[in-house]
Amino acid sequence: MPIVNVTEQLATQLLQDSEIYDLLKCKCEQCISDVLAMALNRLPARYVTTDTGRVFVNASYYLHPQLQSDIVTELTRSALQVSSHPHHAQQPKVADTP
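Residues numbered from 1 in each chain as written. Predicted model: local features only at pLDDT ≥ 70, side-chain atom pairs only at ≥ 80, totals over all residues. Heavy atoms only, no water.

If you check an unreviewed UniProt entry, the protein appears there as Competence protein ComFB from Alicyclobacillus hesperidum.

Structure (structure tokens):
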């Protein structure tokens, strides 16, 4: 098994399965990647190399609500920042044609 950052997997899952995703004005791959990168830079990495390690980290995540709260807080902060200042140019609006 390759080295896996379980925090990254949990953050990705939380972003896709929560209201945080709805905070994003743009849901393109660049904006989603920016949100995850910003949040993960503020969160401690939890690397594992075995399935047992992954189970252990996942269990501690669910047994300690503060860990989940930290991920949600950082994802929310990052989503609001990316929505306010997207990394890519704004898409031009297409004018309505009669």
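Let us now look at the overall build of the protein. The helix and strand inventory of the protein stands at five helices and two strands. Element order for the protein, N to C, with α for helix and β for strand: β-α-α-α-β-α-α. Within the protein, the fraction of its 98 residues that count as buried is 31%. Pairs at least 24 residues apart make up 84% of the contacts formed inside the protein by residues separated by at least 6 positions. Accessible area for the protein stands at about 6,800 Å²; split by element, carbon and sulfur atoms hold 56% of it. (Helix = DSSP H or I, 4+ residues; strand = E, 2+ residues; numbered from the N terminus. Buried < 20%, exposed > 50% of the residue type's maximum accessible area, 1.4 Å probe, protein only. Contact = heavy atoms within 4.5 Å. Areas by Shrake-Rupley, 256 points an atom, 1.4 Å probe, with all protein chains shown as cover.)

Moving on, we get to the packing of aromatic side chains. A full pass over the atoms with the stated rule returns one aromatic pair. Taking 4.7 Å as the distance between ring centres and 80° as the angle between the ring planes, the aromatic pair formed by Tyr61 and Tyr62 counts as edge-to-face. Across from the ring centre of Tyr21, 5.3 Å away, lies the NZ or CZ of Lys27, which sits over that ring. (Phe/Tyr/Trp six-rings, centres within 6.5 Å; stacked < 30°, edge-to-face > 60°. Lys NZ or Arg CZ within 6 Å of the ring centre and 35° of its normal.)

Right, let's talk about the packing of helix α1 (residues 6-16) against helix α3 (residues 29-42) for a bit. For any two helices packed against each other, the geometry comes down to the angle between their axes and how far apart the axes lie. Running from N to C, α1 and α3 cross one another at 135°; their axes reach a closest spacing of 10 Å. The orientation of α1 relative to α3 falls into the category oblique. For the pair α1 and α3, the sense of crossing is right-handed. Taking contact as the criterion, the partners of Thr7, Glu8, Ala11, Thr12 and Leu15 in α1 are, on α3, Ile32, Val35, Leu36 and Leu40. Residue classes in the contact of α1 with α3 are distributed as six nonpolar, two polar and one charged. (Axes fitted to C-alpha atoms, helices over the stretch in contact; angles between N-to-C directions. Parallel < 35°, antiparallel > 145°, perpendicular 65-115°, else oblique. Left-handed = near helix turned anticlockwise from the far one by under 90°. Nonpolar A, V, L, I, M, F, W, Y, C, P; charged D, E, K, R; others polar.)

Two side chains carrying opposite charge are able to pair once their charged atoms lie near each other. A full pass over the atoms with the stated rule returns two salt bridges. Notably, a salt bridge pairs Glu74 with Arg42, separated by 3.4 Å at the nearest N-O pair. Taken together, the residues span a long stretch of sequence, with Glu74 in helix α5 (residues 65-84) and Arg42 in helix α3 at a distance of 32 residues. The class of Arg42 is partly exposed, set by a relative accessible area of 36%. Here Glu74 makes a salt bridge to Arg77, at a shortest N to O gap of 3.7 Å. In this pair, Glu74 and Arg77 both sit in helix α5, three residues apart, roughly one turn of the helix. Assessed through its relative accessible area of 10%, Glu74 is described here as buried. Arg77 sits in the partly exposed class, given a relative accessible area of 43%. Here the salt bridges share partners, and the residues they tie into one network are Arg42, Glu74 and Arg77. (Salt bridge = Lys/Arg side-chain N within 4 Å of Asp/Glu carboxyl O.)

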